[in-house]
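Below, each chain spelled out in residue letters.
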Amino acid sequence: MDVDTRLLRYFAVVAEEGNITRAAERLFMAQPSLTKQIKQLETTLGVQLFVRSRAGMALTGPGRALADRVPALLDALHEAIRETKAAASRSEQILRVGIMGSGANEATPAIIAAFGERRPGWRVELRQGVWSEPTAGLADGGVDAALLYLPFPGQERWRVTELFTEPRCVLLPSGHRLADRASIAFRELRDEPFVAAPPEAGEWRDWWLATDAREGSPPRIGAETRHPDDWLNAIANGYGIALAPSAAARYYPRPGIIQRPLTGVAPCTVAVVRSPAADANPAVGAFVDSCLTVVGSR
């Protein structure tokens, strides 16, 4: 019997969380999609794995038997894949680095140059992440390290080294009623429609909607996007406004969009993130050191 390992990974997270909603957020998936995948696994195996109720997802006897074995199986498979990809990177002398949005902004070229000095002959391959997967490829082993904005879902499971903070600003369509203001307080924006990441981005989406500064008032969503270009187009076309790092206007200049300083929200933090298994990878260590050296000299 062939069983898709993705289904086993989804099962393991639901079993651990005991709640389909929390599991979907952790997996960066929509809840109905995750429910469908769990039902598919049950159909493939011919057994019921969970008893579903309003209280959550309780394992059945067969479900507990599978839950006892799946984590070790997935860990072994993930380690084999990670080591295979790491070996390929070492032989090709390529370090794959995910970035989310503008990543480390203007510091990125200097970080790559510093890494080249530490690892002659190596090159950095940057891979832009999508907002439905805020680890920018770390979760599926597609990259060796990532430059990310904090917080992101499940970040406690990764090695996280904070690099610097920068203020958040607001991006507005040029014809917005507040476009002429020199600075804007967030409380003036609570009722505005926002351009947001998809729901499966979890707390990363919440952070960029500033839900912690809304005093219980839910955000209005004017549009949902997964990529920076779509996000900027939605703002320029008047579907909503958005919070962004202050460097976004320099990194993503776009006609029809203006940036204004924002008060009433905390700054954002950029970090270099990698798997605990990457502690044994000298190239990843050199990249982290390069990040710290460049940021420390700014």
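Summarised in this report is the structure supplied together with it. As the structure is a computational prediction, the values presented were derived from the model and not from experiment.

This part is about the sheet that holds strand 4 (residues 123–128). To summarise the sheet geometry, strands pair through backbone hydrogen bonds and adopt either a parallel or an antiparallel arrangement. Overall, mixed pairing links the five strands, which are arranged 4-3-5-13-6 in an open sheet. The open sheet terminates on both sides in strands that have one partner only, identified here as strand 4 and strand 6 (159–166). Adjacent strand axes in the sheet meet at a mean angle of 25°, parallel and antiparallel pairs treated alike. Bridge count for strand 3 (residues 94–99) against strand 4 is six bridges, and the pairing is parallel. The partner of I94 across the bridge, within strand 4, is R123. Sheet strands touched by helix 5 (residues 107–118): strand 3, strand 4 and strand 5 (145–150). Its angle to strand 4, the strand with the most contacts, is close to 145°.

Turning our eyes to something else, we now look at the pairing of strand 1 (residues 50–53). Sheet analysis places strand 1 next to strand 2 (residues 56–59), joined by four bridges and oriented antiparallel. Considered in strand 2, the bridge of V51 is made with A58. What sits between the antiparallel neighbours strand 1 and strand 2 is a turn of two residues.

Cut-off values and rules
Residues numbered from 1 in each chain as written. Predicted model: local features only at pLDDT ≥ 70, side-chain atom pairs only at ≥ 80, totals over all residues. Heavy atoms only, no water. Pairing = 2+ DSSP bridges. Helix = DSSP H or I, 4+ residues; strand = E, 2+ residues; numbered from the N terminus. Axes fitted to C-alpha atoms, helices over the stretch in contact; angles between N-to-C directions. Contact = heavy atoms within 4.5 Å.

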